[in-house]
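Examining the three-dimensional arrangement
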Amino acid sequence: MKNLRKIGKSFRYTILFIVVINILFIGGVWIYSTYNYFNKESEKIKQDYTTKEKMRVKDAINKVIQSIEYHKSETEKILDRSIKERTYEAHDMASVIYEKNKGKKTDEEIENLIKETLEVIRFSDGKGYYFGGNVDKGKLLFTSNPDYVGEMVLDYRGPNGKYIFREMVALVKKKGEGFYEYLWAKPGNTGYDHNKKSFLKLFKPLNLWIGTGAYFEDVEKDIKEDVLNEITHRSPDNGKYIFVLDFSGNLLATENIDEKKAIGKNLWELKNSNDVKIIQELKKISVNPQGGFLNYNWTKPGKGSKEISKMTFIKAINDWEWMVGTGVYLDDIARTISNNKKILKDQMEGILIEISFFIFLMGGIIFLSEFYVMRKIKRFIDESETVYETLINLSLDGIYLGNEKGEIEDCNISAYKMLGYTREELGTLSLYDFKKNTSDDFDTSKNPVTGDSYEERVFKKKNGKFLFLELNSKYVKLNNKKMWIAFVRDITDRKKMEKKLMELSITDGLTQLNNRRYLLKQLELKLENVNLEKPLCVSMIDIDHFKQVNDTLGHSAGDEVLKGFAKILTENLRKTDLIGRYGGEEFLIVLPDTSLKEAEKIMNKIRLIIYDTSWKYPELRVSFSGGILEVNKTQDISLENIVIKVDELLYKAKEEGRNKIEVNTQ
């Protein structure tokens, strides 16, 4: 017995020695690894956050430049529409003068009346004017420069050698109307090499051509002003603002409230405390195709006169000679990185404390007597089981244990409460029993699957209601039997919110109709199935004189008209038809499987209903004009051409008196 005690004592000392050595070795290695990991993670946090900030400011500038490029692409469209509308107005005036004096005056007298009327008209802040001439005589009747009136101009050649007026006359003779581009002098500017575009239309009764034009640079100038105003009136994103400079260093726009007073000033020679001419350095970087970053010291708003390190991304728009940039102060980055490092450090220290405590605790347990240790282990196991069961039942997620057949063998409290059953009732069911029917609110065609999967499924409760659930399951082996464990979470509210957000993303907020982007996408899908047997009609309509409603009755009245107008359209169109607000007071309607004749009948019926509708404003009478285009496989059915053609029909309806529908006759 005594020897056994010595052996036991030696054994315990040996165990204690081994435990202490292992604690020191394992603890040292663990501590070293932990702090090594901390240092690597700290550096990674710095690199990741800096890279993220670079990407953020670069993305912000690229988005602004994409917006600017879009505005630039609209230049010629805006110019074309403007000069075409102006020429049509002049043609309408000539028609009125001719009809009023036909038979009463000679053609020459009527020609003079048209000349006297149009030659004095100015528009576009006095820059726009009409010009015209006699096709047969080849001379100018009226223009902005009286020196050219009455001149024979067919032999006039522009700076590039083109016979400008000869080609204009040939254009109206051949086509009746059209656009013509050429070089011309611009009032207030030197030279005759300014790009100009005119729209000309033949006035057949007197064989005259009438036209007007505009300079590309004027339209581009207006677009530039719109872009700069948009940037200037936006609010900075969390203190980070966009700015625009020209290549000469003039500040054109900024989102920063404190710097807006400097708009229009030249900052080319602006220097920081290190004598670095910041704008000149930004110019060098901006002309790179992908732009670039510049780090420098700069005064941060709200921080007094102290300069702080700043990182700016700048990129040029070369054809406009603009530089667009934004930046971030590096003290903000350093502060965030420092906070993240502190959090990581606290976590590492907490882990080290837990590790040390655990190692010493285990050493103490090993040193205790076998009987005492076993009692402790047994108590620990009992307590662990209690904690396990408590944790399982505290979980808001449903937890199931089932066999290979899908039958439920055990579950926690949340599992049977979630589905409205008792624990005993669930013991007679399987997960397959909850998927016999689906709710109309959710789209799912799969059967519930158990084992090694993550799925979103619709389950049916005991009371017949449906829940949309996340089901995460995995096969395990328990007592040599293949079992599965499933975690189920109720995501019904989240799915309803997702559905609501999807509806909001495709709906116009005022009229509750489809918005323009969604409607054009649906039209593009419909076009794939168009053929001769199943034509498709597209109608573009526009409320007549809508601006007068806003001007006379106020914008709230205008909104009421738009909502009422949309309601009448919805009530009188078929369920298969698509309707959306295209923009402002314009609406686009898609009529699938509908011939032109049927579409015209439908739209004229709605037009009469609208016209006969009484509004809460007694003096208000609402009408609309529209165009209808039939589409089938024999035509060019690209989305862009369809919208252009139906828009032209709409404008034709307006030109011919409004409150009518124009259809294509091809």
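See the structure printed just above.
These remarks concern the structure in this document. Model, not experiment: these values are computed from the prediction. (Residues numbered from 1 in each chain as written. Predicted model: local features only at pLDDT ≥ 70, side-chain atom pairs only at ≥ 80, totals over all residues. Heavy atoms only, no water.)

1. Regarding the sheet that holds strand β20 (residues 624-631)
In plain terms, the rule: Should DSSP find at least two bridges between two strands, the strands are taken to pair. Under the scheme used here, helices are H or I runs from DSSP no shorter than 4 residues and strands are E runs no shorter than 2 residues, and both carry numbers assigned from the N terminus. Fitted lines through C-alpha atoms give the axes, limited to the stretch in contact for helices. The angle between two N-to-C directions lies from 0 to 180 degrees. Here a residue-residue contact requires only that any non-hydrogen atoms of the pair lie within 4.5 Å.
Strand order in the open sheet formed by five strands is β18-β19-β17-β20-β21, with mixed pairing between adjacent strands. The open sheet is flanked by β18 (578-583) and β21 (661-663), the only strands paired with a single partner. Between one strand axis and the next, the sheet turns through 20° on average, direction left out of account. Bridging between β18 and strand β19 (residues 586-591) involves five bridges; their strand directions are antiparallel. Among the inter-strand pairings, Leu-578 is bridged to a residue of β19, identified as Val-590. Of the strands in this sheet, β17 (536-543), β18, β19 and β20 touch helix α14 (residues 555-572), which is tilted by about 155° from β17.

2. A look at the pairing of strand β5 (residues 194-203)
Cut-off, in case you're wondering: Only protein chains enter the accessibility calculation, which uses a 1.4 Å probe. A residue is then buried if its area is under 20% of the maximum for its type, exposed if over 50%, and partly exposed in between.
Of all ten residues in β5, nine are buried; the element is thus mostly enclosed. In the sheet, β5 pairs with strand β6 (residues 208-215) via eight bridges, with the strands oriented antiparallel. Bridge pairing links Phe-199 to Thr-212 in β6. Between the end of β5 and the start of β6, which pair antiparallel, lie four residues, with Asn-207 showing a positive phi angle near 55°.

3. Some details on the environment of Met-152
Mapped onto the fold, Met-152 is located in the loop between β3 (139-142) and α4 (164-175). A residue is classified by how much of its surface remains accessible, and Met-152, at 57% relative accessible area, is exposed. Spatially, the C-alpha atoms of Met-152 and Asn-134 are 9.8 Å apart, while their sequence positions differ by 18 residues. Among all residues touching Met-152, those that are not within four sequence positions of it are Lys-137, Gly-138 and Lys-139.

4. Observations regarding a negative patch on the surface
Going by this rule: Only residues whose relative accessible area exceeds 30% and that take part in no salt bridge are eligible for patches, with like-charged residues grouped when within 9 Å of each other and nonpolar side chains (Val, Leu, Ile, Met, Phe, Trp, Tyr) grouped when within 5 Å. Computed with a 1.4 Å probe, the accessible areas rest on the Shrake-Rupley method; for each residue, only the protein chains presented here act as cover. The salt bridge criterion pairs a side-chain nitrogen of Lys or Arg with a carboxyl oxygen of Asp or Glu, the two atoms within 4 Å. In this charge count, Lys and Arg are treated as positive and Asp and Glu as negative; neither His nor the chain ends contribute. Where a charge lies is defined by one atom per residue type: Lys uses NZ, Arg uses CZ, Asp uses CG and Glu uses CD.
Taken together, the side chains of Asp-125, Asp-222, Glu-225, Asp-226 and Glu-230 define an acidic patch exposed on the protein surface. You can see Glu-230 is positioned in helix α5 (residues 216-232).

5. Considerations on the sheet that holds strand β15 (residues 466-478)
Here we have five strands laid out as an open sheet, ordered β13-β12-β16-β15-β14, and antiparallel in their pairing. If you trace the sheet from one side to the other, it starts and ends with β13 (408-411) and β14 (453-460), each paired once. For this sheet, the mean angle separating the axes of adjacent strands, direction not counted, is 30°. Direction of pairing for β14 relative to β15: antiparallel, over a ladder of eight bridges. Paired with Phe-459 across the two strands is Leu-467, which belongs to β15.

Any link to function would need more than the numbers given here.
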